[in-house]
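In case you want the letters, here they are:
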Amino acid sequence: MSTQRAKLVVGNWKMHGRLAENAALLQAVAKGAGELPADVRVGVCVPTPYLAQAQSLLDGSRVMWGVQDVSAFTQGAYTGEVSAQMVTDFAATFAIVGHSERRAYHRESADLVAVKTQRALEAGLTPIVCVGETLDEREAGATEQVVGAQLDEVLAKLSVQEAARIVVAYEPVWAIGTGKSATAGQAQAVHAFLRGRLAAKGAEIAGVPLLYGGSVKPDNAEELFRQQDIDGGLIGGASLKDQDFLAICKAAAATTAAG
Ligand code: PEP
């Protein structure tokens, strides 16, 4: 069991929030996270315009911050884009890349996701690389083929040293925002597969944190986090409510050595 392993819980606010409500949420999360054991790490990925706010309210707390996407370009005439370097000006830690909503609504290809991962790493950010299958793909028995190909495309562009610095999030598309989480067994099976895929690239990256995302809530988090290859969660809807997000962080704490 992974009950002795450290956990990482990261919120993905998606396109939610306004200055006043963010302040209350960030302050509550910072306060609550201060009571967690040291082997539970916590982060929030906010909409980019609120990065400075996250920095000013979270600096000095246990909570790290980041963004939900970065550009595949480093700089130049790319109107509307935000580079990974710009994000580091705000002392951010994380950049989510390849979220299924970006793959679906912004037509992001596996290759583009891999390039964005490279840009994030070059800038010193920790990319949280999302992979996941649709319901049709699962029902066709293609889950491993789909998530394996998504991960391989990223790994192919990275050295072993670079790959050791990523985080991978398994987020079945059918479980995101639907209230229908994967069962702990379903999630663990895919995580074990992904762990094997990472280990095949190099022993150094077998320990890359593997987060589960998809309708994680206070009442299902602990069972998910107790699975051998689940190192924490990427939390969407429930990260917008301080009490739910902190309850999920506490569920993670219950599964670690110090918890
Ligand atoms: C997500 O968007 O990354 C996510 C996991 O969403 P939710 O928790 O709302 O399913």
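(A) A look at the overall build of the chain. When you go through the chain residue by residue, the secondary structure sums to 11 helices and eight strands. Within the chain, the fraction of its 259 residues that count as buried is 54%. Considering only contacts within the chain whose residues lie at least 6 apart along the sequence, 74% involve residues at least 24 apart. Accessible surface computed for the chain: about 11000 Å², of which carbon and sulfur atoms make up 52%. Charged side chains in the chain number 23 positive and 28 negative. The centres of these two groups are separated by 2 Å.

(B) Seen up close, the layout of surface pockets. Here the largest pocket defines a volume of roughly 540 Å³. For the largest pocket, the lining is made up of 20 residues, of which Met15, Gln68, Asp69, Arg102 and His106 are closest to its centre. If one sorts the elements of the lining of the largest pocket by residue count, helix 4 (residues 100-105) sits on top with three residues. Looking at the lining of the largest pocket residue by residue, the classes come out as seven nonpolar, seven polar and six charged. Considering the residues around the second largest pocket, the lining is formed by 19 residues, among which Lys14, Gly177, Ile235, Gly236 and Gly237 are closest to the centre.

(C) How the structure looks around unusual backbone geometry. A positive phi angle is found at alanine 91, which is not glycine, with a value near 55°. Here alanine 91 shows up in the loop between helix 3 (84-88) and strand 4 (94-97). You will see that serine 215, though not glycine, has its phi angle at about 55°, which is positive. Counting through the fold element by element, serine 215 comes out in the loop between strand 7 (210-213) and helix 10 (221-225). For serine 215, a relative accessible area of 9% corresponds to the buried category.

Rules used throughout
- Residues numbered from 1 in each chain as written.
- Predicted model: local features only at pLDDT ≥ 70, side-chain atom pairs only at ≥ 80, totals over all residues.
- Heavy atoms only, no water.
- Helix = DSSP H or I, 4+ residues; strand = E, 2+ residues; numbered from the N terminus.
- Buried < 20%, exposed > 50% of the residue type's maximum accessible area, 1.4 Å probe, protein only.
- Contact = heavy atoms within 4.5 Å.
- Areas by Shrake-Rupley, 256 points an atom, 1.4 Å probe, with all protein chains shown as cover.
- Lys, Arg positive; Asp, Glu negative; His and termini not counted.
- Charge placed at Lys NZ, Arg CZ, Asp CG, Glu CD.
- 1 Å grid on protein atoms, 1.4 Å probe; cavity = no way out; pocket = protein on both sides within 12 Å on 5 of 7 lines; lining within 4 Å.
- Points joined across faces, edges and corners; volume = space filled by probe spheres on them.
- Nonpolar A, V, L, I, M, F, W, Y, C, P; charged D, E, K, R; others polar.

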